[in-house]
There are 2 protein chains.
Amino acid sequence: MATEIRREQAEARLRAVGLKVTAPRLAVLDAVTGHGHLDADAVHTRVMAELPATSLQSVYNVLGALAEAGLLRKIDPAGSAARYESRTGDNHHHLVCTGCGAVADVDCVVGEAPCLTPSNTGGFAVATAEVTFWGRCAECQAASG
Amino acid sequence: MATEIRREQAEARLRAVGLKVTAPRLAVLDAVTGHGHLDADAVHTRVMAELPATSLQSVYNVLGALAEAGLLRKIDPAGSAARYESRTGDNHHHLVCTGCGAVADVDCVVGEAPCLTPSNTGGFAVATAEVTFWGRCAECQAASG
DNA sequence: GAGTTGTTTTGAGTCATTCAAAACAACTGC
DNA sequence: GCAGTTGTTTTGAATGACTCAAAACAACTC
């Protein structure tokens, strides 16, 4: 059964990063995986469908732990709640709608490499580069010109 | 006197964007101009030095109005309060310290143009591209290896 | 199967920011 | 110059995402 296999894989991934396997962690991983960009509240709603006793605080704890472990990626666009996605490790970028806050993935900017290198680092030890495109999503364009 | 000239220029800039000239606006403009990246609280502190009756709420109002008018630029890195800078119109980018939240300007990334063009816009009407580099500033590196 | 260590829950608290209404001041036209 | 209008500032309260802390609990180790 596909569900069983997914769960075993999820358990293995948790163990691989040194995290204990718990029901809330499996539920959160499952809730986020393949469902785009969810904020803590949306994750909580999804998680409660199969694990009704889960507190929002736990969802915050778990999301934080999973993001720190690299199993999830956290994005935090200005003006919205933080969102989490399951697509990690490929340093893709994001499009954020200024109207409704919707987020879409951008596989890669044209030219890729240049975007990771600032021309002068001002003494900073640069670890990551984050690219965010702001615009209006198709729905918001349709809704108000 | 330089101060006089600066004030007249500030008044002209406010009028040019259709905003009424008020003491709080002149004070905020003066507080931010040439002083890097300040959050609302830091601006408030600076403004109060010369206009002690100014409320924090007014600072928020003014910063919002000036940013919307393009006289200031707002940056809002994840995990810090929003910051405002007087350098506008050149689409420069930022380095943000993951330790202390310090912000530094990056004149331009190497290769410039590619960074403004996502490879697929997913139906979005893209208006701006924002590039943020995350790392540790010189002080934080010195403080903790 | 008991102990240890890390996780989840519960409950309260923080902080940047926003909302709303009343007091007030800048610009317009006379 | 002065009254009216419109936009701004103040005051006070509220919101919402998120964090802190301590107690209850459950995974993994031996």
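Scoring rules and cut-offs
- Residues numbered from 1 in each chain as written.
- Chains lettered and ligands numbered in written order.
- Predicted model: local features only at pLDDT ≥ 70, side-chain atom pairs only at ≥ 80, totals over all residues.
- Heavy atoms only, no water.
- Pairing = 2+ DSSP bridges.
- Helix = DSSP H or I, 4+ residues; strand = E, 2+ residues; numbered from the N terminus.
- Near = heavy atom within 4 Å.
- Polar contact = N/O pair within 3.5 Å; in protein donor to acceptor, adjacent residues only side chain to side chain.
- Nonpolar A, V, L, I, M, F, W, Y, C, P; charged D, E, K, R; others polar.
- Buried < 20%, exposed > 50% of the residue type's maximum accessible area, 1.4 Å probe, protein only.
- Arc of directions from axis to C-beta.
- Contact = heavy atoms within 4.5 Å.
- Salt bridge = Lys/Arg side-chain N within 4 Å of Asp/Glu carboxyl O.
- Axes fitted to C-alpha atoms, helices over the stretch in contact; angles between N-to-C directions.

(A) Looking closely at the sheet that holds strand 1 (residues 38-39) of chain B. Residue and element names in this part refer to chain B. Strand order across the open sheet formed by three strands is 1-3-2, with antiparallel pairing between neighbours. Looking at the sheet topology across the chains shown, the edges are occupied by strand 1 and strand 2 (73-75). Of the strand pairs in this sheet, strand 2 and strand 3 (residues 83-85) are connected by three bridges, and their pairing is antiparallel. Counted as the bridge partner of I75 is R83 from strand 3.

(B) Molecular detail of the protein's contact with DNA strand D. Every one of the 19 residues lining DNA strand D counts as a neighbour, but A:V21, A:Q57, B:T22, B:R25 and B:S58 are closest to it. Among the atoms of DNA strand D close to the protein, meaning within 4 Å, 69% are from sugar or phosphate groups. The side chain of A:R15 places a nitrogen or oxygen atom 3.2 Å from a phosphate oxygen of DNA strand D. Contact between DNA strand D and B:A53: a phosphate oxygen at 3.3 Å from a main-chain N or O atom of the residue. Mapped onto the surface near DNA strand D, the elements with two or more residues apiece are helix 4 (56-69) of chain A together with helix 2 (23-32) and helix 4 (56-69) of chain B. With four residues, helix 4 of chain B is the single largest residue contributor to the surface near DNA strand D. Taken together, the residues that form the surface near DNA strand D break down as eight nonpolar, seven polar and four charged.

(C) Representation of helix 3 (residues 40-50) of chain B in the model. Residues and elements named next belong to chain B. Of all the residues in helix 3, the buried ones are A40, V43, H44 and V47. Angularly, the buried residues of helix 3 cover 100 degrees about the axis, an arc narrow enough to put them on a single face. With respect to the buried face of helix 3, the exposed residues turned more than 90 degrees away are T45 and A49. Along its buried surface, helix 3 packs onto helix 2, strand 1 and helix 4.

(D) Quick look at the pattern of salt bridges. Evaluated as defined, the whole model comprises 12 salt bridges over all chains. Note that B:E85 is salt-bridged to B:R73, the shortest N-O span being 3.9 Å. With B:E85 in strand 3 and B:R73 in strand 2, this pair connects stretches of sequence that are 12 residues apart. The class for B:E85 is buried, based on a relative accessible area of 2%. A cluster of three or more residues bridged by salt bridges with shared partners is formed by A:R87, A:D90, A:D105 and A:D107.

(E) Spotlight on the sheet that holds strand 4 (residues 93-97) of chain A. With mixed pairing, the six strands of this open sheet are ordered in space as 5(A)-4(A)-6(A)-6(B)-4(B)-5(B). Of all strands in the sheet, those bounded by a partner on one side alone are strand 5 (103-106) of chain A together with strand 5 (103-106) of chain B. On average, each strand axis in the sheet is tilted by 30 degrees relative to the strand beside it, whichever way the strands run. As paired strands, strand 4 of chain A and strand 5 of chain A are joined by four bridges and run antiparallel to one another. Counterpart to A:H94 in the pairing with strand 5 of chain A is A:D105.

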